[in-house]
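Below are the chains, spelled out letter by letter.
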Amino acid sequence: MRAVALIPAAGMGKRMGTLISKPFLSIGNRPILAETLLRFEESSLISEVYVIVSSKEEGHSREDIVNKYNLKKVTKIVIGGVERQDSVKNGLDAIEPGCDIVMIHDGIRPFVTPQLIDESIIETQKHDATVVAVPVKETVKRVSYYGEILETLDRNRLWLAQTPQTFNYNIIISAHKNAVENNLRGTDDSSLVEALGIKVKIIAGSYGNIKITTPEDLILAKAFLEDNEHMVSACEPINIG
Ligand code: C5P
């Protein structure tokens, strides 16, 4: 079984409001992207990792991330595209023949655990398509363009999709091909697979597996790193019993 992880990290990070793009900001002593990639080094089931970055970050990523942290599983640095979906597509196009499973994980989610990575691969061998997710904690409203509530959604059926999102190789290739042919745009890869009518299985994630998007997330991430005990408990999978 050959499992390749694609790590999109080519975003500009406008919501963070910093000059350095998000994956290259430091938390603790290391850049967010290095922290994320180290979790993949610890996985026993991922064979190779392709990091996807913007063209201006290519040299910096090779020297200051891959070489500096001795990331042996990173076998390719791929140049990203305009949107996340384009970046993932470039990663898929770069995969060498003979791949069975593709895992896609945001470069700005450093608190994924090697256990969750390996569980996602094992579950994908059985179900073909899996997404790590957590139940929403708040009540969600659908709102009109004018800021008026149209509908209150049933919270018991709502989950927040995170990454890793993991797929049988042929399925994710077909999903992106279909998206190109039918001009579909999605903010995650699961939505493109769902568009093929394929059932995607949820894997219980953790509330600690945050996507570092805004300045508050950066504060939370730094606090997690300073308090290892709390970080470990925040990153335990939730119990959906
Ligand atoms: O934009 P979003 O928050 O969905 O970004 C999720 C991940 O996708 C980030 O790691 C970001 O760097 C990456 N991304 C990318 N190429 C883009 C936009 C986002 O690789 N064009």
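Placed above this text is the structure.
Residues numbered from 1 in each chain as written. Predicted model: local features only at pLDDT ≥ 70, side-chain atom pairs only at ≥ 80, totals over all residues. Heavy atoms only, no water.

Help me out: how do you make sense of helix α3 (residues 84-93) in this one?
Each turn of an α-helix holds 3.6 residues, which means side chains three or four residues apart point in the same direction. Taken residue by residue, α3 has Q85, S87, V88, G91 and L92 as its buried positions. All buried residues of α3 project into a common sector of 160 degrees when viewed along the axis, lining one side. Buried-residue contacts for α3 involve β1 (3-8), β4 (48-53), β5 (74-79), β6 (101-104), α5 (169-182) and α6 (190-194). (Buried < 20%, exposed > 50% of the residue type's maximum accessible area, 1.4 Å probe, protein only. Helix = DSSP H or I, 4+ residues; strand = E, 2+ residues; numbered from the N terminus. Arc of directions from axis to C-beta. Contact = heavy atoms within 4.5 Å.)

When you look at a nonpolar patch on the surface in this model, what are you seeing that I'm missing?
Residues W159, I202 and I240 make up a contiguous nonpolar surface patch of about 260 Å² in total accessible area. With respect to the helices and strands, the residue I240 is situated in the segment after α8 (228-234). (Patch = residues over 30% accessible without salt bridge, like charges linked within 9 Å, V, L, I, M, F, W, Y side chains within 5 Å. Areas by Shrake-Rupley, 256 points an atom, 1.4 Å probe, with all protein chains shown as cover. Salt bridge = Lys/Arg side-chain N within 4 Å of Asp/Glu carboxyl O.)

What exactly am I supposed to notice about unusual backbone geometry here?
A negative phi angle is the norm for most residues apart from glycine, just as the trans form is the norm for most peptide bonds. Between T163 and P164 the backbone carries a cis peptide bond, its omega angle lying at 10 degrees. Following the sequence through the fold, P164 ends up in strand β10 (residues 159-168). In this model, N70 sits at a positive phi of 55 degrees, which is unusual for a non-glycine residue. Residue position: N70 is located in the loop between α2 (58-67) and β5.

Looking at this structure, how should I read the side chain of N209?
Within the fold, N209 resides in the loop between β11 (201-204) and α7 (215-226). Among all residues touching N209, those that are not within four sequence positions of it are H105, R109, F111, V112, L116, V132, Q162 and T163.

For this particular structure, what's the right way to read the site of the ligand?
Of all residues adjacent to the ligand, which total 14 residues, the nearest are P8, A10, G11, S87 and K211. The contact in question runs from an oxygen atom of the ligand to an N or O atom on the backbone of P8, over 2.7 Å. Within the backbone of E83, an N or O atom sits 3.4 Å from a nitrogen atom of the ligand. Against a free-state accessible area of 450 Å², the protein chains account for coverage of 86% of the ligand. Here the shell around the ligand is built from residues that sort into five nonpolar, four polar and five charged. (Near = heavy atom within 4 Å. Polar contact = N/O pair within 3.5 Å; in protein donor to acceptor, adjacent residues only side chain to side chain. Nonpolar A, V, L, I, M, F, W, Y, C, P; charged D, E, K, R; others polar.)

Such coordinate-based values are descriptive only and should not be taken to indicate function.
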